[in-house]
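This is what each chain is made of:
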Amino acid sequence: MSRDFEARLLPDLERIAAHFGTPFHIYDEAGILDTGERLKLAFSRVKGFREYFAVKALPNPRILQLMKVMGFGFDCASIPELMLARGQGARAGDIMFTSNNTSAAEFDEAIDGGGCILNLDDISLIDKVPEMPELVCFRLNPGPEVAGNKIIGEPEKAKFGLTVDQYVDAYRTARERGASRFGLHTMVVSNQRDYRHILDTTRRMLLWAGKLDDVLGIQPEFINIGGGFGIPYGPAETPLDIAALGEGVADAVDQFAARRGYRPKIYTESGRYITGPHGVLVTRAINRKETYRIYVGADACMSALMRPGMYPDTYHHISVPGRTPEDGVECVDVTGSLCENNDKFAVQRTLPRIEDGDLLVIHDTGAHGHSMGFTYNGRLRPKELLLRSTGSVEVIRRAETPDDYFATLQFDPWILSKA
């Protein structure tokens, strides 16, 4: 959570919470727009640069409107995400469809609906595309050539992408099926804050593009260096040097162009980097339990923020507005109400002493927070709010209700009789 976001939100937070009720995710419009503009500025030397926002990070139409205002495209991986992007007026070239284990129905929607750059994840999918589009891209998994990180793991163990031995044949086969324009994509890390790792991968992608030219005479129109741009979740973590990354990528493309005589565009598909720091989960302490540990129970649970339970080492900073260390500190687990022991937002975290009724602000939930929610135990997903640049607060998704939970149980009888 940026200091600017804190300055805009905290003075009015108690009034917002009293009006809308907790829990809720709230996003900072000004911060999202500022980060998007800084990304564009960092890559301003790269001709043809474009960001394709990863819809999975924050799939809310109001947020996607902000992406469109900034001139971004959309990276989609499912039919509902395609529908969301097209609902914002996305047209030809505005959508990168990067699915994996893709179904026939998804191919039909991506192609028949138009407006997609088809980014194929596996060589076997070439023959399953009903009609090969003019422009196609492949996702390359470099295996042991490039190190991964602790979130995605080692690339050779990941389910994503073609191998280095497969990718030339993939482009050859796609061309035989009618494709005439091409792109190249990879993504081997997640939440990476060392720009040198991303830059090294970019340089390798340029080498792979050169090999396509040498072997097949194919010059990729663009290279999608993926997402994975990281943010500092912990107060002591350093942010990604996005300016250094942009300059490094520009230099690498310039050198490639001087050697090869053509200049591919550079695309990115950030999600977390654009919206992650600009969202928080606001919840209220409702119980205090003292057994072998001290547990502070909140009115939100893992159904509203899955990351801490899904990734054991995940850290989300927690602040307690109105409380300071001078009020006393203690080591606590901050928990939700699911019947799961990993339903914890913090484990053995030193925080100011928290009393029932105190607000807790769980930082950096603007990406993969609400979107990874679920309804186990009948715990329903909370509302989403937008703190506008004007200072007003807008509801951009209402909280789920029991009627929503039971909606899929309302249907006409449907029985297949025994043969």
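Just above, that's the structure.
So, a few notes on the structure that sits alongside this text. Because the structure is a prediction, the values reported are computed rather than measured.

As a further point, take the layout of surface pockets. Roughly 950 Å³ of volume is contained in the largest pocket. Around the largest pocket, the lining comprises 39 residues; the ones closest to its centre are Lys56, Ala57, Phe160, His368 and Met372. Those elements giving two or more residues to the lining of the largest pocket turn out to be strand 3 (73-76), helix 5 (79-87) and helix 11 (307-310). Class assignment for the residues of the lining of the largest pocket results in 14 nonpolar, twelve polar and 13 charged.

With that settled, the discussion passes to the pairing of strand 7 (residues 181-185). Judged by how many residues are buried, strand 7 sits mostly within the fold: four of five residues are covered. Relative to strand 7, strand 6 (residues 135-139) is paired through five bridges, and the arrangement is parallel. Across the sheet, the residue bridging to Arg139 is His185, located in strand 7. Handedness of the crossover joining strand 7 and strand 8 (residues 222-224) through helix 8 (residues 195-216): right-handed.

With that out of the way, let us pick up the environment of His368. For His368, the location among the structural elements is in the loop between strand 15 (359-362) and strand 16 (383-387). His368 sits 310 residues away from Leu58 along the chain, and the two C-alpha atoms are 6.6 Å apart. Those residues in contact with His368 that lie beyond four places of it in its chain are Lys56, Ala57, Arg272, Leu305 and Arg307.

With that settled, consider the nonpolar core. In this structure, Phe43 and Phe229 are the most contacted members of the largest nonpolar core, which totals 75 residues. If one sorts the elements of this core by residue count, helix 8 sits on top with eight residues. Apart from residues lying up to four places away in sequence, Phe43 is in contact with Phe49, Phe229, Ile242, Leu245, Gly246 and Val249. Within the second largest apolar cluster, 17 residues are counted, among which are Ile318, Val320, Phe345 and Leu360.

Overall, the coordinates contain 32 salt bridges when judged by the stated rule. Between Arg288 and Glu290 there is a salt bridge, with its nearest N and O atoms 2.8 Å apart. Note on Arg288: relative accessible area 23%, which makes it partly exposed. Here Arg398 makes a salt bridge to Asp404, at a shortest N to O gap of 2.7 Å. Among the charged side chains, a salt-bridge network with shared partners connects Arg45, Glu247, Asp251, Asp254 and Arg263.

Our focus in this paragraph is the packing of helix 3 (residues 29-42) against helix 4 (residues 61-69). Interaxial distance between helix 3 and helix 4 falls to 10 Å at its minimum, and their mutual angle equals 35°. Considering the relative orientation of helix 3 and helix 4, their crossing is right-handed. Judged by residue contacts, Glu29, Ile32 and Leu33 of helix 3 engage Arg62, Ile63, Leu66 and Met67 from helix 4.

Between helix 7 (residues 167-176) and helix 8, whose axes approach to 10 Å, the crossing angle comes to 55°. The pairing of helix 7 with helix 8 is recorded here as oblique in orientation. In terms of crossing hand, the pair formed by helix 7 and helix 8 is right-handed. Contact residues: Tyr167, Val168, Tyr171, Arg172 and Arg175 in helix 7; Trp208, Lys211, Leu212, Val215 and Leu216 in helix 8. Here the residues of the contact of helix 7 with helix 8 sort into seven nonpolar, no polar and three charged.

Cut-offs applied
- Residues numbered from 1 in each chain as written.
- Predicted model: local features only at pLDDT ≥ 70, side-chain atom pairs only at ≥ 80, totals over all residues.
- Heavy atoms only, no water.
- 1 Å grid on protein atoms, 1.4 Å probe; cavity = no way out; pocket = protein on both sides within 12 Å on 5 of 7 lines; lining within 4 Å.
- Points joined across faces, edges and corners; volume = space filled by probe spheres on them.
- Helix = DSSP H or I, 4+ residues; strand = E, 2+ residues; numbered from the N terminus.
- Nonpolar A, V, L, I, M, F, W, Y, C, P; charged D, E, K, R; others polar.
- Buried < 20%, exposed > 50% of the residue type's maximum accessible area, 1.4 Å probe, protein only.
- Pairing = 2+ DSSP bridges.
- Right-handed = clockwise from strand over helix to strand, strands pointing away.
- Contact = heavy atoms within 4.5 Å.
- Core = buried A, V, L, I, M, F, W, Y, C linked by side-chain atoms within 4.5 Å.
- Salt bridge = Lys/Arg side-chain N within 4 Å of Asp/Glu carboxyl O.
- Axes fitted to C-alpha atoms, helices over the stretch in contact; angles between N-to-C directions.
- Left-handed = near helix turned anticlockwise from the far one by under 90°.
- Parallel < 35°, antiparallel > 145°, perpendicular 65-115°, else oblique.

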